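Spelled out from the first residue to the last, the chains are:
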Amino acid sequence: MLEIEIDGKQLQVADGSTVMDAANQVGAYIPHFCYHKKLSIAANCRMCLVQVEKAPKPLPACATPVTNGMKVWTKSEAAVKAQKGVMEFLLINHPLDCPICDQGGECQLQDLAVGYGESKSRYQEEKRVVFNKNLGPLVATDMTRCIHCTRCVRFTQEIAGLMELGQAFRGEHSEIMPFVEKTVDSELSGNIIDLCPVGALTSKPFRFAARTWELARRKSVSPHDSLGSNLIVQVKHDVVKRVLPLENEAINECWLSDRDRFSYEGLNCASRLTKPMIRQGDSWQETDWQTALEFAATRLKAVVAAAGAEEFGALLASNATVEELYLAQKLVRGLGSDNVDFRLRQTDFSADAVSQGAPWLGMPVAEIADLNRLLVIGSFFRKDHPLLAQRVRQAAKRGLKVASIHPTADDWLLPVSARMQPKPSEMVAALAAVLKAVADAESKSVDAALTVLLPADMPAEAKAIADMLLSGRQSAIWLGNFAMQHAQAATLRRLAQEIASITGSSFGVIGDAANSVGGYLAGAVPATGGKNAAAMLSESLKSYVLLNVEPSLDSAAGERARAAVAGADFVVNLTAFNSPELRAISHVMLPVSPFTETSGTFVSCEGRAQSFVAVAKPQGDTRPAWKVLRVMGNLLSLDGFDYNDSEAVRADVLDITAFPVANLSNTLDGLTVSGSAASAGIERVADVPIYATDSIVRRAPALQRARDGAAPAAYLSAATMTSLGLNAGDAVEAKTEQGSARLVAKADDTVADGCVRIASAHETTAALGGLSAVVTLERV
Amino acid sequence: MSARNLILADLDGDRTWRLQDYLARGGYAALKKIIAESTPPADIIAEVKASVLRGRGGAGFPTGLKWSFMPRSFPGAKYLACNSDEGEPGTFKDRDILRYNPHSVIEGMIIAAYAMGCERGYNYIHGEIFEVYDRFEEALAEARAAGLLGDKILGSDFSFDLFAHHGYGAYICGEETALLESIEGKKGQPRFKPPFPASYGLYGKPTTINNTETFASVPFILRDGGETFLNYGKPNNGGTKLFSISGHVNRPGNYEIELGTPFSELLEMAGGMRGGRKLKGVIPGGSSSPVVPADIMMDCTMDYDSISKAGSMLGSGAVIVMDETTCMVRALERLSYFYFEESCGQCTPCREGTGWLYRVVHRIEHGLGRPDDLDLLNSVTTNIMGRTICALGDAASMPVQSFVKHFGDEFAYHIEHKTCLVPDDVQREGSKIYVGPSC
């Protein structure tokens, strides 16, 4: 500990602290621009100059290490003179166009200029003008306003992992720019808007939409991935205008992924369903809630009575709230059915028979910093979990070693020290090889049920992964979305569990959606032999209730899911959006609130239950889904639908104060495993692209224009392409048992040989169905 | 006190840069002696300390002391860098050392590496003297072939390899940490210090950076003794130094003299003032050092302490001599433009301030000056000085402050009369080059 005196206040700070750290500790504000607690120290803005005893010159607080007995004055005449001197320099070339600048009112330069700037400038020459750069559809630029603090440069390099911005040229001609006309394509790019202390980088979708002081700031939770990022949703006249991160060091720190930040555009899209609608023949009639609900209840009751409860089921979105999922399953069970599921992209449900709780990450997200070994199995990690990957990236800088077992070798922008790249059908064999390697190395026996899977000999890559895990002090093994959607997901889980147990690793499932954990806790899965999602979608039931589900895009079955639902006699659709597909398959559409217009709860991958309230009034006649389900329960004369608020519903599911929540377990003891099924032909590796995960994101135009929003193509390694006689750029017809899609073949050596990567969750590929299937490719 | 050649000794042949020639001049004797006797590194550093050799790049920091900062027992890589990024207007001594006596630098670096336990060295050569880079590469090849450089030097256990690296002409890369960034392949921008290079230098490893001339002085010190070197100069200002004399003298060029030699002697060596005209002012240590008026300069001796007492700096030893035909406003305008163009743009005061200074001086020179411009120049320079990461901010400010201080009447005349105090035709006659109308 070091003694320091700041502005007359004595305090002790940890060794290695800077004057800025010490000042923060006593609450002495030192003006600054380039300093940011999450970024490296640049010391280039010089705004934080302070007076230090015995120092001949003012020193930058951000970069000056505290020495024992140091005396610092942050507001002395000398300090303020230096700060005002710097402010004058910052302002001479700054346009001072605050009235037309989007940053006005939330601009650090504007704020500090009030305290440190003069009322008129001594600089009377022409000001510098800098041409704007096109950074893509998300970040708008006004580079003339840039003060060269390089926060954005350091962010792309240090946090996002790729130096997409740099400072080119020298001196007064310096410009922040992307590398030769490129755009900034990071999935975390929006954070540079928050970081920019002036109006040089602003939000393109939000441009000129509102002034900061017109906006109400309300807390919420992101519905797009399993991390549960905390949001500040900014609302004007009940319209969501912008989303910013709510700092939570345990979850999203001070960052947001672009998906969390810009998805709000989907909430305000033209295809929002705002009135209840009933189908009459082939046409749709708007109606009132009373009529729609009575129609839905009456018809549902009649169809269930006629066809039997087992011919009725519910398909629920995995980003529905705990309250919605709980009431939906209660309604299904009240009507005598057990056909309910929210895991629409899952294909192997054999784990359900031996599951002891909801699969979860197995550790708090904040403890990723302490890991020194991590094996990620079956995951498009960076695009599936942008901020989780960011945490792993930071940990990797401090010595965390990461391994991957996955058919593609996408660049996670962090060092991957060991890798296996099996075809989808070889995933089980790959994992079994790693299991054998760790068991051999530790001389431990493998559970008898798994020995059948162990290979006779194992590849060097498996040994490398095993060695990496075993050399660790604190290790973790995670299953990604691809593994959980795999046709042998349960076996993969069981094998990973065994590897974790032998290596002493923490073991977890990352989860693909906001309520991947909460859905289990709410009981939105079959419990007494009912049909799971795959069963409900492979053959038509007589009636369905859908909650925010677009079957062809949100399920593993693709087009076949749409056909299955379309084959029902009666479909009640609770949905926030209207679309041709939904109109074609539904009989009544009830407009329900997206997350911004309802109260609810998500349980994140680390088992953290986070409740939120509505941040805006429901659009049109939209109603929160939990209220709609409650009234439907009443109309169907079911017991236990007398809730007055969503908290009461939640109380029936979980204890909000517990962390982690109860009933979490990844253990699959007693599972009957299945061996690898050898496959002939090219196997499809299907990702769910980052901007196709759910119905809101798919309707956010700016995200769709981003590089990651590009239409699917057929990505093949050069070797695979040669073996098929294809060339990059060829138009190809991809065919599966289910259907076909026309795509462009593109070379991508990150895809395992013998595989083709074709994205799902997109209308052009929905006809292909199954996420992992044998595909034939023909040139057309 | 007079001319004495240690670094430039016996450079009379046509191929003085060849190894053979250098060996004939007694080159590599110091290194051979060290290797043969396995001289303890501490003794070498003590010898350099005894010589009171001060850094020849401009700052004048005692070299022996700098070397002693290197954590010799630090495990892992340590680096040595030679700063030949001679970009300051008026300075051209390192170019001639590398051109005519490159092996003195190589030998100096090998000895330094031996003393500090460095295994790799880089000589960062200014981008605008490419033929010197080529010649240095040739010299390196000769040294390697002779077993003087590389693995197991002269059959000992000591290995050291040295590489030439050429910059692209940015003045800022002469700042030692910007130079390291540039070697690392990054944009040449100074680093904030601390940490200093001795603890966190090239690739994050302990690194020592010295000027070309500093290294070139080392072989002599080790061969003939630090005491001998010191005695050529005066106390606290050991040895000889090269001065690059330019401007209004009859024989501009590099002159190696003992430190402490009177300026008047140096001026005489350079052939005296051109056309017998009167001396007006001298920039004694490269363009960033404050200008010294003639009468003060004529009383100075050429060493760190004397020039410092005169309110300037010995700097790199680039002596810019200006006679009575010089318009001091025009001279300052040129210097300010240089610093405006060469600021790296990292810190606010220098990025914004150097342009501002240039524009104000420019408008004074061009008849658009305002009565309060001199106060403005003083105020802006005060706001730049001492508030930036590196010394470029100071380097840009010192000429402005000193020109305004010593030649304020010329500036005032410009502002009032919108023309030079020194008539254009006199300027033209003095410099023998075309001088456009100033106003």
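Just so you know, these numbers come straight off a predicted model, no measurement behind them.

1. Here's the deal with the overall build of chain A
For step 1, the next point in the chain: Scanning chain A from N- to C-terminus turns up 24 helices and 32 strands.
For step 2, the next point in the chain: Whereas a compact globule of 780 residues would reach a radius of gyration of roughly 28 Å, chain A reaches 28 Å, a difference of no more than 12%.
For step 3, the next point in the chain: Along the first, second and third principal axes, the C-alpha atoms of chain A reach 90 × 65 × 55 Å.
For step 4, the next point in the chain: Out of the 780 residues belonging to chain A, those deemed buried represent 63%.
For step 5, the next point in the chain: Residue pairs in contact within chain A that sit at least 24 positions apart in sequence constitute 73% of those at least 6 positions apart.

2. Structural notes on the interface of chain B and chain A
For step 1, the next point in the chain: Listed per partner, the contact involves 33 residues of chain B and 36 residues of chain A.
For step 2, the next point in the chain: Together chain B and chain A conceal approximately 2,900 Å² of surface at their shared face, both sides included; 51% is due to carbon and sulfur atoms.
For step 3, the next point in the chain: Three residues stand out in chain B for area buried against chain A, namely B:Glu352, B:Trp356 and B:Arg387, and they jointly supply 24% of the buried area on that side.
For step 4, the next point in the chain: On inspection of chain B and its partner chain A, the count reaches four salt bridges.
For step 5, the next point in the chain: When the shortest N-O distance is used, the salt bridge between B:Glu352 and A:Arg128 registers 3.0 Å.
For step 6, the next point in the chain: If you look at where chain B meets chain A, you find 21 residue pairs in polar contact (both at pLDDT 80 or more).
For step 7, the next point in the chain: The greatest single-element share of the side of chain B that touches chain A, amounting to nine residues, is contributed by helix α15 (residues 348-365) of chain B.
For step 8, the next point in the chain: By residue class, the composition of the side of chain B that touches chain A is twelve nonpolar, twelve polar and nine charged.

3. Section: the domain arrangement of chain B
Residue and element names in this part refer to chain B.
For step 1, the next point in the chain: Examined at the domain level, chain B breaks down into domain 1 (19-232), domain 2 (240-323) and domain 3 (328-430).
For step 2, the next point in the chain: Taking the mean C-alpha position of each, domain 2 and domain 3 sit 22 Å from one another.
For step 3, the next point in the chain: Contact residues are listed per partner, giving 13 residues for domain 2 and 15 residues for domain 3.
For step 4, the next point in the chain: Contact between domain 2 and domain 3 buries roughly 1,200 Å² in total, counting both sides, with carbon and sulfur atoms accounting for 67%.
For step 5, the next point in the chain: Across the contact surface, domain 2 and domain 3 share one salt bridge.
For step 6, the next point in the chain: One salt bridge in this structure joins Glu 410 and Lys 280, with 2.5 Å as the shortest N-O distance.
For step 7, the next point in the chain: Linking domain 2 to domain 3 there are four residue pairs in polar contact (both at pLDDT 80 or more).
For step 8, the next point in the chain: For the side of domain 2 that touches domain 3, the leading source of residues is strand β8 (residues 279-283), giving three residues.
For step 9, the next point in the chain: Partitioned by chemical class, the residues of the side of domain 2 that touches domain 3 number six nonpolar, four polar and three charged.

4. Brief notes about the pattern of salt bridges
For step 1, the next point in the chain: On inspection of all chains with the given rule, the structure shows 68 salt bridges over all chains.
For step 2, the next point in the chain: B:Arg363 serves as the salt-bridge partner of A:Glu125, at 2.3 Å between the closest nitrogen and oxygen. In this pair, A:Glu125 sits in the loop between α3 (108-116) and β6 (139-141) while B:Arg363 sits in helix α15, so the two residues belong to two different chains.
For step 3, the next point in the chain: One salt-bridge network, in which partners are shared between bridges, spans A:Arg345, A:Glu550, A:Asp554, A:Arg698 and A:Arg699.

5. Some thoughts on the domain arrangement of chain A
Quite often, the size of an interface is put as the accessible area lost when its parts meet.
All names here are of chain A.
For step 1, the next point in the chain: When its domains are assigned, chain A resolves into domain 1 (1-75), domain 2 (277-354 + 516-657), domain 3 (365-487 + 494-509) and domain 4 (683-779).
For step 2, the next point in the chain: Between the C-alpha centres of domain 2 and domain 3 the distance comes to 35 Å.
For step 3, the next point in the chain: Taken residue by residue, the interface counts six residues in domain 2 and six residues in domain 3.
For step 4, the next point in the chain: At the junction of domain 2 with domain 3, the criterion picks out zero salt bridges.
For step 5, the next point in the chain: Summed over the shared surface of domain 2 and domain 3, the number is three residue pairs in polar contact (both at pLDDT 80 or more).
For step 6, the next point in the chain: The residue makeup of the side of domain 2 that touches domain 3, split by class, is one nonpolar, two polar and three charged.

6. Some details on the state of the cysteines
Should the sulfur atoms of two cysteines be covalently bonded, the bond is a disulfide.
For step 1, the next point in the chain: A complete count under the given rule lists zero disulfides over all chains for this structure.
For step 2, the next point in the chain: The cysteine A:Cys48 is free of any disulfide, with A:Cys62 supplying the nearest cysteine sulfur at 3.8 Å.
For step 3, the next point in the chain: Its sulfur unpaired, B:Cys390 is 6.3 Å from the next cysteine sulfur, which belongs to B:Cys344.

7. Observations regarding the UniProt feature "domain: 4Fe-4S His(Cys)3-ligated-type" (unreviewed entry) in chain A
For step 1, the next point in the chain: When the UniProt feature table is mapped onto this chain, "domain: 4Fe-4S His(Cys)3-ligated-type" (unreviewed entry) is found at residues 78-117 of chain A.
For step 2, the next point in the chain: Strand forms 0% of residues 78-117 of chain A and helix 60%; the C-alpha atoms that close the span are 16 Å apart.

8. Quick word on empty space enclosed by the protein
Empty space among the atoms can be located by rolling a probe the size of a water molecule over them.
All names here are of chain A.
For step 1, the next point in the chain: Throughout the structure, instances matching the rule amount to ten cavities of 30 Å³ or more.
For step 2, the next point in the chain: In this structure, the largest cavity occupies an estimated 490 Å³ of space.
For step 3, the next point in the chain: Lining the largest cavity are 37 residues, with Ser 318, Arg 345, Asp 512, Ala 513 and Ser 516 positioned closest to its centre.
For step 4, the next point in the chain: A per-class count over the lining of the largest cavity returns 17 nonpolar, twelve polar and eight charged.
For step 5, the next point in the chain: In this structure, the second largest cavity occupies an estimated 140 Å³ of space.
For step 6, the next point in the chain: Around the second largest cavity, the lining comprises 16 residues; the ones closest to its centre are Asn 319, Asn 548, Pro 594, Phe 595 and Ile 696.
For step 7, the next point in the chain: Here the lining of the second largest cavity is built from residues that sort into eight nonpolar, six polar and two charged.
For step 8, the next point in the chain: No fewer than three residues from each of domain 2 (277-354 + 516-657) and domain 4 (683-779) sit in the lining of the second largest cavity.

9. Let's talk about the confidence of the model for chain B
For step 1, the next point in the chain: Per-residue pLDDT for chain B averages 94, and the proportion of residues at 70 or more is 98%.
For step 2, the next point in the chain: Reported for the predicted complex are a pTM of 0.95 and an ipTM of 0.94.

10. Side note on unusual backbone geometry
For step 1, the next point in the chain: Put simply, B:Lys193 and B:Pro194 share a cis peptide bond, and its omega is 0°.
For step 2, the next point in the chain: Along the chain, the position of B:Pro194 falls in the loop between α8 (176-183) and β4 (207-211).
For step 3, the next point in the chain: Of note, A:Leu96 is a non-glycine position whose phi angle comes to about 55°, a positive value.
For step 4, the next point in the chain: By secondary structure assignment, the location of A:Leu96 is in the loop between α2 (77-92) and α3.
For step 5, the next point in the chain: Phi at A:Ser637 takes a positive value of approximately 60°, unusual for a residue other than glycine.
For step 6, the next point in the chain: Assignment of secondary structure puts A:Ser637 in the loop between α21 (625-635) and α22 (646-651).
For step 7, the next point in the chain: Judged by its relative accessible area of 56%, A:Ser637 is exposed.

11. Structural notes on a nonpolar patch on the surface
Residues and elements named next belong to chain B.
For step 1, the next point in the chain: A grouping of Phe 61, Leu 65 and Phe 69 is seen on the molecular surface, where their side chains present a nonpolar patch of about 270 Å² in accessible area.
For step 2, the next point in the chain: Mapped onto the elements of the fold, Phe 69 is located in the loop between α4 (63-68) and β1 (79-84).
For step 3, the next point in the chain: Relative accessible area serves as the criterion here: at 46%, Phe 69 is assigned to the partly exposed category.

12. Quick word on the nonpolar core
Residues and elements named next belong to chain A.
For step 1, the next point in the chain: Core analysis: the largest hydrophobic core is formed by 79 residues, its most contacted members being Tyr 544, Val 572, Leu 574 and Leu 590.
For step 2, the next point in the chain: Tallying contributions element by element places helix α8 (residues 289-307) first for this core, with eight residues.
For step 3, the next point in the chain: The residues contacting Val 572, other than those within four sequence positions of it, are Ala 296, Leu 300, Tyr 544, Val 545, Leu 546, Val 588, Leu 590 and Met 632.
For step 4, the next point in the chain: Core analysis: the next-biggest nonpolar cluster, separate from the first, contains 73 residues, Leu 135, Phe 155, Leu 165 and Val 402 among them.

13. A word on the packing of aromatic side chains
Aromatic rings in a pair are described by how distant their centres are and how their planes are angled relative to each other.
Residues and elements named next belong to chain A.
For step 1, the next point in the chain: As enumerated under the stated definition, the model contains 25 aromatic pairs over all chains in all.
For step 2, the next point in the chain: On the basis of an interplanar angle of 80° and a centroid distance of 5.8 Å, the ring pair of Phe 295 and Phe 570 is categorised as edge-to-face. Here Phe 295, found in helix α8, pairs with Phe 570, found in strand β23 (residues 570-575); they are 275 residues apart in sequence, far enough to count as distant.
For step 3, the next point in the chain: Judged by relative accessible area, Phe 295 falls into the partly exposed class, the value being 24%.

14. Section: the pairing of strand β26 (residues 609-612) of chain A
Residue and element names in this part refer to chain A.
For step 1, the next point in the chain: The sheet contact formed by strand β25 (residues 600-603) and β26 spans four bridges and is antiparallel. Its bridge partner lying in β26, Gly 600 is registered against Phe 612.
For step 2, the next point in the chain: A loop of five residues connects β25 with β26, the two strands running antiparallel in sequence, and Gly 607 in this loop sits at a positive phi of about 80°.

15. Let's talk about the packing of α2(A) against α15(B)
For step 1, the next point in the chain: In contact at an axis separation of 9 Å, α2(A) and α15(B) are set at 65° when each is read in the N-to-C sense. Every pair of crossing elements has a handedness; the one defined by α2(A) and α15(B) is left-handed. Together, A:Val86, A:Glu88, A:Phe89, A:Leu90 and A:Ile92 of α2(A) and B:Thr348, B:Pro349, B:Arg351, B:Glu352, B:Gly353 and B:Trp356 of α15(B) make up the contact between the two elements.

16. Side note on the sheet that holds strand β11 (residues 230-236) of chain A
Residue and element names in this part refer to chain A.
For step 1, the next point in the chain: Taken together, the three strands give an open sheet; going across it, the order is β10-β11-β12, and neighbouring strands pair in antiparallel fashion. Strands at the two margins of the open sheet, each flanked by one partner only, are β10 (216-221) and β12 (239-245). With strand direction ignored, the average angle separating the axes of adjacent strands in the sheet is 35°.
For step 2, the next point in the chain: Taken together, the six bridges between β10 and β11 define a ladder with antiparallel strand orientation. Each bridged residue has a counterpart across the sheet, and for Ala 216 the counterpart in β11 is Val 235.

Conventions used here
Along each chain, numbering runs from 1 in the same order as the chain's sequence is written. The lettering of chains begins at A and the numbering of ligands begins at 1, in the order of writing. Selection of residues for local features in this predicted model requires a pLDDT of at least 70, selection of side-chain atom pairs for listing and counting requires 80 or more, and totals for whole chains, interfaces and linings are taken over all residues. No hydrogens and no water enter the side-chain calculation; it runs on all heavy atoms of the structure. Numbering goes from the N terminus for both helices and strands, where a helix is a DSSP run of H or I of at least four residues and a strand is a run of E of at least two. Throughout, radius of gyration means the C-alpha value; the globule benchmark is 2.2 Å times the number of residues raised to the power 0.38. Partly exposed residues are those whose accessible area sits between 20% and 50% of the maximum for their type, while under 20% is buried and over 50% is exposed, using a 1.4 Å probe and protein chains only. Contact definition: two residues touch when any of their heavy atoms are within 4.5 Å. We define buried area as the total accessible area lost by two parts upon association, computed with a 1.4 Å probe and summed across both. Any carboxyl oxygen of Asp or Glu that lies within 4 Å of a side-chain nitrogen of Lys or Arg is treated as forming a salt bridge with it. Two N or O atoms form a polar contact when they lie within 3.5 Å of each other; inside protein one atom must be a possible hydrogen donor and the other a possible acceptor, and for residues adjacent in sequence the pair counts only when both atoms belong to side chains. Amino acid classes used here: Ala, Val, Leu, Ile, Met, Phe, Trp, Tyr, Cys and Pro are nonpolar; Asp, Glu, Lys and Arg are charged; the rest, including Gly, are polar. For the domains described, the bounds stem from an automatic or database domain assignment. Cysteine sulfurs are considered disulfide-paired once they come within 2.5 Å of each other. UniProt positions are given in the numbering used here, feature names are shortened, and annotations may be inferred rather than shown by experiment. Only protein atoms enter the calculation, which uses a 1 Å grid: trapped sets of points that fit a 1.4 Å probe without letting it out are cavities, open sets showing protein on both sides within 12 Å along at least five of seven lines are pockets, and any residue with an atom within 4 Å of a point is a lining residue. Grid points are joined across faces, edges and corners, and a volume is the space filled by probe spheres set on the points. Per-residue confidence from the predictor is given as pLDDT, running between 0 and 100. Like-charged residues within 9 Å of one another, or nonpolar side chains (Val, Leu, Ile, Met, Phe, Trp, Tyr) within 5 Å, are grouped into patches, provided each residue has over 30% relative accessible area and no salt bridge. With residues, only the protein chains shown are counted as cover, and all accessible areas are computed by Shrake-Rupley using a 1.4 Å probe. Residues grouped as a nonpolar core are buried Ala, Val, Leu, Ile, Met, Phe, Trp, Tyr and Cys residues, joined through side-chain atoms within 4.5 Å. A pair of aromatic rings is counted whenever rings of Phe, Tyr or Trp (Trp by its six-membered ring) have centres within 6.5 Å, and the orientation is called stacked for planes under 30 degrees apart, edge-to-face for over 60 and tilted otherwise. Think of it this way: DSSP has to see at least two bridges between two strands before they count as a pair. Angles here are taken between N-to-C directions and fall from 0 to 180 degrees, while the axes themselves are lines fitted to C-alpha atoms, restricted in helices to the stretch in contact. Should the near helix be turned anticlockwise from the far one by less than a right angle, the crossing is termed left-handed; should it be turned clockwise, right-handed.

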